[in-house]
Amino acid sequence: MPGALRPEINQWLKITKWELIAIYGLGRMIEKQNFDRRSFLKSMLGFGSTLALMPQLVFATEQSAIKKKIPSSGEPLPVIGMGSWQTFDVSDDAPERTSLLKVLQAFFDRGGAVIDSSPMYGSSEQVIGDLLKKVSNKQALFAATKVWTRGRKRGIAQMQRSMQLMGVEVFDLMQIHNLVDWETHLETLKAWKAEGKVRYIGITTSHGRAHGELEQILQNEPFDFVQFTYSIANRDVEKRLLPLVAERGIATLINRPYQGGGLFRRVKGKPLPPWAADFDCASWGQFFLKFAVSHPAATCAIPATSKLRHMIDNMGAGFGRLPDAATRQKMIAYYESL
Ligand SMILES: NC(=O)c1ccc[n+]([C@@H]2O[C@H](COP(=O)([O-])OP(=O)(O)OC[C@H]3O[C@@H](n4cnc5c(N)ncnc54)[C@H](OP(=O)(O)O)[C@@H]3O)[C@@H](O)[C@H]2O)c1
């Protein structure tokens with residue numbers, strides 16, 4: 001009986017008694033009918049509203065998140081991460097903290113790992129650090145932040161403060177924000193990496209800025225990661241930067257995959273093309289994210305959201321199939337026709 005298993009399973013999946021009974025029922029159906037994979041998926045869909053209440057079951061039983069490797073180490077990373085600019089910049093007693101906790105929990109429950117922040121993002125590092133203490137299921141955390149100041153001493157002090165704020169002993173990724181005083185910080189970061197104080201080092205830009213200088217830097221310096229803007233509406237990096245990182249073996253974090261939310265304005269009230277289902281895409285958000293991460297040189301997109309339903313939507317883009325090269329061209333043509 002499900003009741004007998006409830007305490008352990010319940011704790012593991014974070015589900016209610018009724019959801020557990022539904023799982024039990026589904027298990028019995030499968031046992032009786034000897035389903036193949038296709039019929040299994042069909043019957044899962046048939047559960048409709050029940051599944052909507054417990055999407056973690058789908059992920060736990062049938063799918064695993066799409067991952068891509070960090071070229072410098074071979075370590076796999078889920079292709080959907082999360083940003084934190086504006087969305088996690090809330091005050092100590094803000095009521096939004098309660099909903100942000102759910103957003104963060106949903107991120108980990110759906111296979112998320114990469115969280116990107118910066119001292120530039122107000123209270124975001126602090127809020128992430130506080131909420132991380134309360135979420136479960138966070139073993140996969142890949143913590144990334146940035147150094148955004150001038151001078152060696154100030155850079156070191158800022159990075160140490162970020163460790164305290166986010167509650168991270170060793171950052172997985174420390175990035176130089178917007179190329180600010182990059183030569184100074186790179187020296188510190190090379191030493192920190194050698195000492196094991198950070199695992200990977202990176203450099204960022206956004207909005208298509210400073211691409212020429214970034215290209216020069218990436219050609220000559222040993223960065224593991226670069227972060228820049230790439231979206232279906234802003235494809236500048238396809239010309240030089242994405243081919244360069246592919247050649248140099250540098251991982252990419254894709255920022256502003258929704259152009260700060262602007263992409264949704266263009267598609268408001270417009271239907272997804274029916275062929276979006278061919279690459280397991282169920283929403284415009286997934287259409288945009290699957291476009292970004294299906295570039296062969298894209299490692300992980302970091303959309304930002306303050307809403308639980310948007311986090312669930314975003315994480316869904318990290319499952320199922322990705323569009324191939326021909327489909328990507330079709331996606332651009334369709335988006336531009338709207
Ligand atoms: N130079 C740099 O290093 C740099 C620069 C820019 C950005 N970044 C990083 O990249 C991250 C992402 O960029 P961004 O925050 O500028 O923009 P973005 O992720 O392209 O867009 C964020 C906006 O999209 C909305 N949104 C998110 N998911 C949605 C969904 N499924 N459906 C509908 N709307 C959705 C959010 O609103 P809701 O809150 O309502 O969901 C928010 O307004 C940043 O947070 C930051 O971590 C780094």
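About the criteria used
Residues numbered from 1 in each chain as written. Predicted model: local features only at pLDDT ≥ 70, side-chain atom pairs only at ≥ 80, totals over all residues. Near = placed C-beta within 6 Å. Helix = DSSP H or I, 4+ residues; strand = E, 2+ residues; numbered from the N terminus. Core = buried A, V, L, I, M, F, W, Y, C linked by C-beta atoms within 7 Å. Buried ≥ 20, exposed ≤ 12 C-beta atoms within 10 Å, placed from the backbone. Contact = placed C-beta atoms within 7 Å. pLDDT = per-residue confidence, 0-100. Axes fitted to C-alpha atoms, helices over the stretch in contact; angles between N-to-C directions. Nonpolar A, V, L, I, M, F, W, Y, C, P; charged D, E, K, R; others polar.

Gly-83, Ser-206, Asn-255, Gly-285 and Ala-304 are the nearest of the 29 residues found near the ligand. Take the shell around the ligand: its biggest share by element is three residues, from helix 14 (residues 308–316).

Core analysis: the biggest nonpolar cluster contains 77 residues, and Val-114, Phe-288, Ala-292 and Ala-301 have the highest contact counts within it. The greatest single-element share of this core, amounting to seven residues, is contributed by helix 13 (residues 284–293). Setting aside anything within four residues of it in sequence, one finds Ala-301 in contact with Val-79, Ile-80, Gly-81, Ile-254, Pro-257, Leu-289, Ala-292 and Val-293.

Once that is clear, we can look at the environment of Trp-85. You can see Trp-85 is positioned in the loop between strand 2 (76–78) and helix 6 (96–109). Taking C-alpha positions, Trp-85 is 7.1 Å from Ser-124, a pair spaced 39 residues apart along the chain. If near-sequence neighbours (up to four positions away) are discounted, Trp-85 is found in contact with Tyr-121 and Ala-304.

Glancing now at helix 7 (residues 124–132). Buried within helix 7 are the following residues: Ser-124, Glu-125, Gln-126, Val-127, Ile-128 and Leu-131. Buried residues belonging to helix 7 abut helix 6, strand 3 (114–116), strand 4 (142–147) and helix 8 (152–166).

The share of residues in the chain with pLDDT of 70 or more is 82%, and the mean pLDDT across the chain is 87. In this model, residues 1–61 is a region of pLDDT below 50 whose contacts with residues beyond four sequence positions or in other chains number 34 contacts.

Let us look at the packing of helix 7 against helix 8. At a minimum axis separation of 7 Å, helix 7 and helix 8 run at an interaxial angle of 35 degrees. Residues Glu-125, Gln-126, Ile-128 and Gly-129 of helix 7 pack against Ser-162, Leu-165 and Met-166 of helix 8. The residue makeup of the contact of helix 7 with helix 8, split by class, is three nonpolar, three polar and one charged.

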